[in-house]
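Examination of the molecular architecture
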Amino acid sequence: MKPPHRYSGANAAGGLRHWRSLDELSDTPEFRQWLEREFPENASDWLDAERDGLGRRRFLSLMGASLALAGFAGCSLRSREKIVPYVAQPEEIVPGRPLYYATAMPLRGYGRGIIVETQMGRPVKIEGNPAHPDSLGATDAVMQAAVLELWNPDRSQTPMFQGGISDWGQFESELLAVMAKMSAADGEGMAILTEASTSPTLQRQRAAWLAKFPKARWYWGGGGSPIPKLPPAGADFGKADLIVSIGCDIFADQPGSLRFTRQFAKRRRVENGRVNPNRLYVLESTPTITGSMADHRLAAPPDRIAAVLRWANGRGDEVLDPAEQTFARNLAADLAAHRANSIVIAGETEPDQIRSLAESMGAGKNSQSLPEDELATLCGDLAGGHVQNLFILGGNPAYNSPAALGFADHLRKATFTVHLGHYYDETSRQCRWHLPQTHFLEEWSDILASGGTPTIIQPVIDPLYAGKSIHEVLSLLTGTFRPSGYDIVRATWGASGKGDFGTFWDQSVHDGIVAGAPPAAAPGARAAGDAVATPAPSGAPAIPPPALTPGADYLLIRPDPAVGDGRWADNGWLQEMPKPMTKLTWDNAAILSPAMARRHGLGTGDMIDLHAGGRSVRAPVMVLPGQADRCVTVHLGYGRTVAGKVGSNRGFSAYPLQDAHSPWCLAGLEIRKAEGTYELATTQHHFSMEGRDIVRVAGVDEFRANPEFAAPKLPHPPSLLPAAPPLHHHATYAWGLTVDLSTCTGCAACVIACQAENNIPYVGKEQVAAGREMHWIRIDRYFEGAPENPAMLNQPVLCMHCENAPCEVVCPVAATVHNDEGLNTMIYNRCVGTRYCSNNCPYKVRRFNFLEYSPPPDSAEAQGENPNVTVRRRGVMEKCTYCVQRINLSRIAAELDNRRIRDGEIQTACQQACPAEAIVFGNLLDPGSRVSRRKKEPVNYGLLTELNTRPRTTYLARIRNPFSTKESA
């Protein structure tokens, strides 16, 4: 008898119970064609080549010529450029041994504490700072990809004057004349625009600048992301029995999302065979990773969300459909039972009516410690001639502001304009001067965590180019030339009155959090709710947002989960990361529900014109299960015209549709089908497991009734392979890994962490479309239930490190072998690229370098590669290695100390990044290790164990906590 909720491939109605895409659910001919091509990236290449006139003989002749030319290239002389070796090597630098520095990454105005690994003075990897309250040792995909941003050769490298190369000296000369006139007028007609920030030094400099120029103006804003509104102070998602999320992606896109994820995961984990989970309700219009973790999720348009909330709050008189009624009834009963120990939170992109309903349900007002966006006020002042000299310090408002504001047009009315930015971008092109800005890994600064804890941001490398920080430029604007960022930031904290300031400063920089500073008590920082000391706006009065319209079609605009508001558009890792819900890469799309697509006769890849608020945009369609009906979601960050070789001219810009007064939700959308189709590079069909027994899930009551539902005790099937030796055959260590599906949110931090650690290249849209992405970890997304409102499941899949590895017996050159600790290793210089191993792997976790994907060794991007990991070139098979380089570093340290490697001393890159602590790695021969304890849990199971592969990577089945009618009885 099969255990409850063990995946068998079919439900009672005869269809798939868990499915990855609508094509798989419908078993379309296109899906069957993709599935039946075992290697979709190459299986039919020879047939296509014969049709195109490139046969096997022609191919071999061309390859022979290429190899001959490659031989000549290999005989070239060494570079004649002058190189300078160490005369006296710095004492602290040992080749191959990393150094670590604590700092923080600014993100949406707040800071997340990080630890930066440097090799020979080069930053190569970012990890979370365990001592920092907003990271707790974890990271997300954007934080992991920041190293690639640092080494991006498209970054701005020199000041630009009216589009031509200039230098800082010329800028300072012209600035002196402008500042002399402004000083005589007390700053009248002068203004600064910066993105909102909690930096104490920025606040101090702002106050000093406004004091020197009392008639000048300072505006906050200029970013395309919504201003974060944090949960009420003291909210702990681990202690709450009930969590209600209303259009809020709690576990992503929030300043405190890493902390929230870790808190939530503690209550979802099975430990010692027991679990006491909290319950999560999610009411949203667009699928999010928070929605994928829900025990109850309802997809609904904004007017129906409001109706459900009114009904659940006992004030509704609307007629609800059965799904809405069930959700509202369960939510009302749960709130009545757990109101004293619940968290209700509404997202900052939700309409005001919905946010008010959430507050009335006990949510309370969200904490707000950042000023609201004042870009509309600035546009009014530019139009009225009140601002002639404008300094834009950070951001890219000419691109990422609502087109209705007409910022670029207003900007041209100013006479002296300066833009400080990381790239020569759309805003730079509109300004008289562009100044290069330093990366946060190159500068001194400070910032607060979402809870108020301050951090000193220290540089881990000298500026690669001629950049300056915002603090250094602000010092220029107050008359201090050639300022030092170090002195500017120290001056902020020197005024705090610390007795032994030197010791205080050194400890604060070393630890990554300011020593002894209570939360939200940093000098010069704004407390939550403080007024902004900016002159009263001279623009038009604020217009209230439009009311929700019952039955209307809605346009929903959101920052992209990978490239944000466009600021990371030139980051190849983030462009190629499959977005958690859509699995889309290198593009954005108009996301429609299956029902809405049917009404309009649309399918994925069709082109449509979106009309809203008198403006229109053409976009490709993506049909996504779980998207609310009557809602079309478009993501920002694409359609860039000046974004480097990676980010330019990709996708479409959604900013023309954005309304200045209701930027995130607009009723009255019209859809018109347009001519043509567009290829979207998604990974949703790639490496399909063909309906086999993969993901397993049960409700908490089912788990308690049958704890071993995920892995019943079954006899091993017969095998043609010789029996694998038991674990104790290994002398000292037997490495293994577990993934907890109850806590994995599918955030993809592990994917980018693995990419950064192991020098995995990005390959481009065309190669992804051919199924050739190189990620060593993929996150399979499964749906369960009807396409209109399915439950969602996430499952990371990496090399299983099988004891009976099917890949090893077919390799003709023994390039893939087992070591004496049970790792399935790759010997790259032995691999000849037959790909037999990939063909024989049932888990589809091996990747092949079809082309030369890695950057040239002398490129800027190559400087950020991990020197402890081989950079693979064309024609080599690669896969997860359990971060064997980290194992070896720990082994060396342990042998020097004459001891064994301790449990937890080794963390794989994916484990260290995971905010949910879903991944645990360790020694299976140590019965007290975390991984051994997890593998003893009754919900532990292996993938495809009926094949007798004996995988070292196993999973803990997901446990849900749905509402039971017994609870309300």
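First, a word on scope: everything that follows refers to the structure included in this document.

Definitions and cut-offs
Residues numbered from 1 in each chain as written. Predicted model: local features only at pLDDT ≥ 70, side-chain atom pairs only at ≥ 80, totals over all residues. Heavy atoms only, no water. Helix = DSSP H or I, 4+ residues; strand = E, 2+ residues; numbered from the N terminus. Buried < 20%, exposed > 50% of the residue type's maximum accessible area, 1.4 Å probe, protein only. Contact = heavy atoms within 4.5 Å. Areas by Shrake-Rupley, 256 points an atom, 1.4 Å probe, with all protein chains shown as cover. Pairing = 2+ DSSP bridges. Axes fitted to C-alpha atoms, helices over the stretch in contact; angles between N-to-C directions. Parallel < 35°, antiparallel > 145°, perpendicular 65-115°, else oblique. Left-handed = near helix turned anticlockwise from the far one by under 90°. Nonpolar A, V, L, I, M, F, W, Y, C, P; charged D, E, K, R; others polar. Disulfide = S-S within 2.5 Å. Salt bridge = Lys/Arg side-chain N within 4 Å of Asp/Glu carboxyl O. Phe/Tyr/Trp six-rings, centres within 6.5 Å; stacked < 30°, edge-to-face > 60°. Lys NZ or Arg CZ within 6 Å of the ring centre and 35° of its normal. Polar contact = N/O pair within 3.5 Å; in protein donor to acceptor, adjacent residues only side chain to side chain.

1. Some details on the overall build of the protein chain
For the protein chain, the count of helices and strands is 30 helices and 38 strands. Going through the 969 residues of the protein chain one by one, you find that 60% of them count as buried. Across the protein chain, every contact between residues at least 6 apart in sequence was considered, and the portion connecting residues at least 24 apart equals 73%. For the protein chain, the computed accessible surface area is about 38000 Å², with 54% contributed by carbon and sulfur atoms.

2. Some remarks on the sheet that holds strand β13 (residues 389-393)
Taken together, the 7 strands give an open sheet; going across it, the order is β6-β5-β15-β14-β13-β7-β8, and neighbouring strands pair in mixed fashion. Only two strands of the sheet have a single neighbouring strand rather than two, namely β6 (164-165) and β8 (217-220). Bridge count for strand β5 (residues 160-161) against β6 is 2 bridges, and the pairing is antiparallel. Across the sheet, the residue bridging to Phe161 is Gly164, located in β6. Along the sheet, helix α7 (residues 168-184) contacts β5, β7 (190-194), β13, β14 (416-421) and β15 (433-436); its crossing angle with β15, the most-contacted strand, is approximately 120 degrees. Along the sheet, helix α17 (residues 470-477) contacts β7, β8, β13, β14 and β15; its crossing angle with β13, the most-contacted strand, is approximately 160 degrees.

3. Topic: the packing of helix α11 (residues 302-312) against helix α12 (residues 322-338)
Between α11 and α12, whose axes approach to 8 Å, the crossing angle comes to 40 degrees. It follows that α11 is oblique to α12 by the angle criterion. For the crossing formed where α11 meets α12, the hand is right-handed. On α12, the residues that touch Arg304, Val308, Trp311 and Ala312 of α11 are Glu324, Phe327, Ala328, Arg329, Leu331 and Ala332. Per-class residue counts for the contact of α11 with α12 are 7 nonpolar, no polar and 3 charged.

4. Digging into the state of the cysteines
According to the stated counting rule, one finds 0 disulfides in the structure shown. Left without a disulfide partner, Cys631 is nearest to the cysteine sulfur of Cys665, which lies 7.3 Å away. Of the residues examined, Cys631 reaches a relative accessible area of 0% and is grouped as buried. Free cysteine Cys802: the closest other cysteine sulfur is in Cys799, separated by 6.5 Å.

5. Focus on the pattern of salt bridges
Inspection of the entire model under this criterion finds 38 salt bridges. A salt bridge links Glu348 to Arg108; the shortest N-O distance between them is 2.9 Å. On the criterion of sequence distance, the pair formed by Glu348 in the loop between β12 (342-346) and α13 (352-363) and Arg108 in the loop between β2 (99-107) and β3 (110-119) is long-range, its members being 240 residues apart. Note on Glu348: relative accessible area 10%, which makes it buried. Here Asp303 and Arg630 are joined by a salt bridge, their closest N and O atoms 3.1 Å apart. Within this pair, whereas Asp303 is found in helix α11, its partner Arg630 is found in the loop between β22 (615-623) and β23 (631-635), the two being separated by 327 residues in sequence. Neither residue differs from the other here; Asp303 and Arg630 are each classed as buried. The network of salt bridges with common partners includes Lys125, Glu127, Glu757 and Arg886.

6. Focus: helix α24 (residues 749-757)
Counting buried residues along α24, 9 of its 9 residues qualify, which places the element largely inside the surrounding structure. Taken residue by residue, α24 has Ala749, Cys750, Val751, Ile752, Ala753, Cys754, Gln755, Ala756 and Glu757 as its buried positions. In the stretch just after α24, Asn759 is the one whose phi turns positive, near 55 degrees.

7. Regarding the packing of aromatic side chains
Inspection of the entire model under this criterion finds 22 aromatic pairs. Ring centres of Trp586 and Tyr762 lie 6.2 Å apart, and the angle between their planes is 55 degrees; on these two criteria the pair is classed as tilted. Highlighted residues: Trp586 in the loop between β19 (584-585) and β20 (590-592) and Tyr762 in the loop between α24 and α25 (765-769), separated in sequence by 176 residues. Judged by its relative accessible area of 2%, Trp586 falls in the buried class. The ring of Trp168 carries Lys468 above its face, with NZ or CZ at 5.0 Å from the centroid.

8. Details of the environment of Trp209
Mapped onto the secondary structure, Trp209 falls in helix α8 (residues 200-212). According to the relative accessible area criterion, Trp209 is buried, its value standing at 0%. In this structure the C-alpha to C-alpha distance between Trp209 and Ser475, which are 266 residues apart in sequence, comes to 8.9 Å. Non-local contacts of Trp209, meaning those with residues more than four positions away in its chain, are made with Met190, Ala191, Ile192, Ala216, Arg217, Trp218, Leu477 and Thr478.

9. Overview of the environment of Asn396
Mapped onto the secondary structure, Asn396 falls in the loop between β13 and α15 (407-411). Relative accessible area serves as the criterion here: at 8%, Asn396 is assigned to the buried category. Considering only alpha carbons, one finds Asn396 and Gly222, 174 residues apart in sequence, at a separation of 6.6 Å. Setting aside its immediate chain neighbours within four residues, Asn396 contacts Gly222, Asp425, Glu426, Thr427 and Arg640. Engagement of the side chain of Asn396 in a polar contact is seen with the side chain of Thr427, the distance being 2.5 Å.

10. Quick notes on the sheet that holds strand β10 (residues 279-284)
Within the open sheet, the 4 strands sit side by side as β11-β10-β9-β12. Their pairing is parallel. With one partner strand each, in any of the chains shown, β11 (296-299) and β12 form the two edges of the open sheet. Taken over all neighbouring pairs, the strand axes of this sheet differ in orientation by 5 degrees on average, direction set aside. In this sheet, β12 lies alongside strand β9 (residues 242-246) in parallel orientation, the contact comprising 5 bridges. Considered in β12, the bridge of Ile246 is made with Ala346. This element, α11, spans β9, β10 and β11 of the sheet and lies at about 140 degrees to β10.

11. What about the pairing of strand β35 (residues 919-923)?
Of all 5 residues making up β35, 5 are buried, and the element is well covered by its neighbours. Bridge count for strand β28 (residues 735-740) against β35 is 5 bridges, and the pairing is antiparallel. By the bridge assignment, Thr738 is partnered in β35 with Val920.

12. Looking at the environment of Val275
Mapping Val275 onto the fold places it in the loop between α9 (257-266) and β10. Residue Val275 is classed as buried on the basis of its relative accessible area of 10%. Placed 684 residues apart in sequence, Val275 and Ile959 show a C-alpha to C-alpha distance of 8.7 Å. Excluding its chain neighbours within four sequence positions, the residues that come into contact with Val275 are Arg267, Arg268, Arg269, Val270, Val700, Phe703, Arg704 and Ile959.

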